[in-house]
Amino acid sequence: MTAMRPDLERTASALFAGAPDWTAIAESGLPRLLVPEAAGGFGGDWGDAEAVLRLAGAAALAQPLAEAMLAARLLADAGVALPAGRVTIAIAQGRVTDGRFTGSAPAVPWGGASDAVLAAVGGELLLLPPGVATPGLSPAGEPRDRLDWQGAAVLAAGRASTSLGKSGVGDSAASEPDLLALAGWARAAQVAGALGAALDLAVDHVNTRVQFGKPLARQQAVQQQLAVLASEVAAAGMASAAAAAALDAGGDCRLALAAAKLRANLAIGRGVAIAHQVHGAIGFTRDYPLQLLTRRLMGWRSEFGSEGAWADRLGALAVARGSAGLWATITG
């Protein structure tokens, strides 16, 4: 934790409460939170970023802050200057020939509205110009555009130099970045915040809504459901924070990153259902804020890896460690 975190949280909370546009987000400097001070950034750590992303999730922030944060950090680690404007991230497929990229990326956050794209292609990071966008939307109505490139000039290419683990964040060489794992962790942090906000709404609703002559909160079945929701919020938050701590500590953080996104996805599946059940019909109305959170949660669940994908990766990492190595990881 850096000394600036309390002030950072207060600043971010006030900013997000005003439903800011991208200009306000950029001017706040938050996209450069993870960039070292020597490179023109805040010099924050991964725990600082986790705290801010939780607040963004709780506020249902409709801006690609997480994507911009990761792009800025990875570009700084690779020694590449951050382009002006909005930079998003993508998991792409394709090939580079003579410095030109041909390929595509599905469901890119704010892809059509971005000025540059940092794409992971076969373990390498490519900084690309905006591709040809085919518009798409997330369940929350946010842009998730397909991007296509045909012989696009690669603006920069490299591998991240950040110490993300002795074996790297991904499953390949130590110097190879795994943008998917970092993006999955960022979504996990947002999930922790949004699901916590959904719990707050649910608790407030059952304490004020009277049915059968008493508040819903006094119904035992409702109390049991809220206890389950609270446990899911706590589990998702702990997994997200643990992954951030692993990133800050160095060493092999692959297992913590995989566990964070997997646990967040599981919490979404259980938590969203309970939040809507205790609210009843009002939870589905556009005038009530619950849907702003739950529609984003359902979209984040499938972004940057599903439960099955992360369970497979987590299992592979556990098997690779062997019984002694896995036990040492858990107890450590």
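Located above this text is the structure these notes cover.
Residues numbered from 1 in each chain as written. Predicted model: local features only at pLDDT ≥ 70, side-chain atom pairs only at ≥ 80, totals over all residues. Heavy atoms only, no water.

*Asks:* Looking at this model, I keep getting lost on the overall build of the protein chain. Mind explaining?
*Replies:* A tally of regular secondary structure across the protein chain gives nine helices and ten strands. When the backbone C-alpha atoms are referred to their principal axes, the protein chain occupies close to 75 × 50 × 40 Å. Counting over 332 residues, the protein chain shows a buried share of 51%. For the protein chain, the share of sequence-separated contacts (at least 6 apart) that also reach a separation of at least 24 residues comes to 69%. Taken together, the 26 basic and 28 acidic charged side chains of the protein chain have centroids lying 6 Å from each other. (Helix = DSSP H or I, 4+ residues; strand = E, 2+ residues; numbered from the N terminus. Buried < 20%, exposed > 50% of the residue type's maximum accessible area, 1.4 Å probe, protein only. Contact = heavy atoms within 4.5 Å. Lys, Arg positive; Asp, Glu negative; His and termini not counted. Charge placed at Lys NZ, Arg CZ, Asp CG, Glu CD.)

*Asks:* For this particular structure, what's the right way to read helix α7 (residues 254-279)?
*Replies:* Spacing of three or four residues puts side chains on the same side of an α-helix, whose turn is 3.6 residues. Helix length check: α7 (26 residues) gives 37 Å between terminal C-alpha atoms against 38 Å at 1.5 Å per residue, within 8%. Buried residues dominate α7, accounting for 19 of its 26 residues. One or two steps after α7, the chain reaches G280, where phi turns positive at roughly 75 degrees. (Expected span 1.5 Å × (residues − 1).)

*Asks:* In this structure, what is going on with the nonpolar core? I would like to understand it.
*Replies:* Nonpolar side chains in soluble globular proteins generally cluster together in the buried interior. F16, V52, W185 and L229 are the most contacted members of the largest nonpolar core, which has 83 residues in total. Residue contributions to this core peak at 17 residues, all from helix α5 (residues 179-208). Those residues in contact with F16, other than ones at most four positions away along the chain, are I25, L30, V52, L55, A56, A59, L61 and L65. Among the nonpolar cores identified, the runner-up in size contains 14 residues, and V117, L126, W149 and V154 belong to it. (Core = buried A, V, L, I, M, F, W, Y, C linked by side-chain atoms within 4.5 Å.)

*Asks:* In this structure, what is going on with the sheet that holds strand β8 (residues 156-158)? I would like to understand it.
*Replies:* Working definition: the strands of a sheet are paired by backbone hydrogen bonds and lie parallel or antiparallel to each other. Ordered by their spatial adjacency, four strands build an open sheet running β1-β4-β5-β8, and the pairing between neighbours is mixed. Strands with a single pairing partner mark the edges of an open sheet, and in this sheet they are β1 (87-91) and β8. Taken over all neighbouring pairs, the strand axes of this sheet differ in orientation by 20 degrees on average, direction set aside. In the packing of helix α4 (residues 65-77) onto the sheet, contacts are made with β1, β4 (116-121) and β5 (124-128), and the angle to β1 comes to roughly 85 degrees. Its contacts with the sheet place α5 against β1, β4 and β5, and it is angled at close to 115 degrees to β1. (Pairing = 2+ DSSP bridges. Axes fitted to C-alpha atoms, helices over the stretch in contact; angles between N-to-C directions.)

*Asks:* Would you mind showing me how to read helix α1 (residues 5-17) here?
*Replies:* Here α1 contains 13 residues, and its C-alpha end-to-end distance of 18 Å stays within 8% of the 18 Å for a straight helix at 1.5 Å per residue. Buried within α1 are the following residues: R5, L8, A12, L15 and F16. Taken down its axis, α1 places every buried residue within 90 degrees of arc, on the same side. Seen from the buried face of α1, the exposed residues on the opposite side, beyond 90 degrees, are R10, A14 and A17. On its buried face, α1 sits against α2 (22-28), α3 (46-58) and α4. One or two positions beyond α1, positive phi appears at A19, with a value near 50 degrees. (Arc of directions from axis to C-beta.)

*Asks:* Is there a simple way to explain the sheet that holds strand β7 (residues 144-153) in this structure?
*Replies:* Across the sheet, which stays open at both edges, the four strands sit in the order β2-β3-β7-β6 with antiparallel pairing between neighbours. Looking along the sheet, the strands with just one partner apiece sit at the ends: β2 (93-97) and β6 (132-134). Shown here is a sheet whose adjacent strand axes are inclined to one another by a mean of 20 degrees, direction ignored. Two strands pair when backbone bridges link them, and β2 and strand β3 (residues 100-109) are joined in this way by five bridges, in the antiparallel orientation. Each residue of the ladder has a partner; that of R95, found in β3, is T102.

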